[in-house]
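Summary of structural features
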Amino acid sequence: MKAVQINFSEDLLARFDADELVRELGRSEVVRRIAEGYLRRREEKTIAEEYAHGYGPNFPPIEEELEGWTEAAAAWREP
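Right, let's get into the overall build of the protein chain. Across its full length, the protein chain holds five helices and zero strands. In the protein chain, the succession of helices and strands from N to C terminus is α-α-α-α-α. Taking 2.2 N^0.38 as the reference for a compact globule, 79 residues should give roughly 12 Å; the C-alpha atoms of the protein chain span a radius of gyration of 25 Å, well beyond that estimate. Dimensions along the principal axes, computed over C-alpha positions, put the protein chain at roughly 70 × 35 × 25 Å. Every one of the 79 residues in the protein chain was classed for burial, and the buried ones make up 6%. On the protein chain, roughly 8,000 Å² of surface is accessible, and the fraction owed to carbon and sulfur atoms is 54%. Looking at the protein chain, you have 11 positive and 18 negative side-chain charges, and the mean spots of the two groups are 12 Å apart.

Okay, here's the thing in structure tokens:
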């Protein structure tokens, strides 16, 4: 692991240090977990935005995509 330096206001650091999980696991572990959670949420948001863009209001309705298909065409053929 690589050590990094971050700055907290005195009030924020006091509140952080008073937290039960911070006292149990230590500052570094809690900050790592916070960073992981932040990055995971950002990735999920990016994926959701890309999905919405790809399948958004400009995407043709499913009816257009399936036009001409019949249930017979979608049925499994008997061997």
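Next comes the rest of the account.
In this section: a nonpolar patch on the surface. Together, Val4, Ile6, Phe8 and Leu12 line one region of the surface with nonpolar side chains, adding up to about 360 Å² of accessible area. Within the secondary structure, Val4 is located in the segment before helix H1 (10-18). Judged by relative accessible area, which is 69%, Val4 ranks as exposed.

Below, the discussion takes up the environment of Thr70. Here Thr70 is to be found in the loop between helix H4 (62-65) and helix H5 (71-74). Here the alpha-carbon distance between Thr70 and Gly54, two residues 16 residues apart in the chain, equals 26 Å.

This part covers the packing of H1 against helix H3 (residues 27-54). Interaxial distance between H1 and H3 falls to 11 Å at its minimum, and their mutual angle equals 100 degrees. Judged by the angle between their axes, H1 and H3 are roughly perpendicular. For the pair formed by H1 and H3, the contact residues are Leu13, Phe16 and Asp17 on the first element and Arg27, Val30, Val31 and Ile34 on the second. Considered class by class, the residues forming the contact of H1 with H3 number five nonpolar, no polar and two charged.

Taking a probe equal in size to a water molecule and rolling it over the atoms shows the remaining empty space. Volume-wise, the largest pocket comes out at about 360 Å³. Among the secondary structure elements, those contributing two or more residues to the lining of the largest pocket are H1 and H3. A class-by-class count of the residues in the lining of the largest pocket yields eight nonpolar, two polar and three charged.

Reading the values: the criteria
Residues numbered from 1 in each chain as written. Predicted model: local features only at pLDDT ≥ 70, side-chain atom pairs only at ≥ 80, totals over all residues. Heavy atoms only, no water. Helix = DSSP H or I, 4+ residues; strand = E, 2+ residues; numbered from the N terminus. Rg over C-alpha atoms; globule rule 2.2 N^0.38 Å. Buried < 20%, exposed > 50% of the residue type's maximum accessible area, 1.4 Å probe, protein only. Areas by Shrake-Rupley, 256 points an atom, 1.4 Å probe, with all protein chains shown as cover. Lys, Arg positive; Asp, Glu negative; His and termini not counted. Charge placed at Lys NZ, Arg CZ, Asp CG, Glu CD. Patch = residues over 30% accessible without salt bridge, like charges linked within 9 Å, V, L, I, M, F, W, Y side chains within 5 Å. Salt bridge = Lys/Arg side-chain N within 4 Å of Asp/Glu carboxyl O. Axes fitted to C-alpha atoms, helices over the stretch in contact; angles between N-to-C directions. Parallel < 35°, antiparallel > 145°, perpendicular 65-115°, else oblique. Contact = heavy atoms within 4.5 Å. Nonpolar A, V, L, I, M, F, W, Y, C, P; charged D, E, K, R; others polar. 1 Å grid on protein atoms, 1.4 Å probe; cavity = no way out; pocket = protein on both sides within 12 Å on 5 of 7 lines; lining within 4 Å. Points joined across faces, edges and corners; volume = space filled by probe spheres on them.

Spatial relationships are all this shows, so hold off on functional conclusions.
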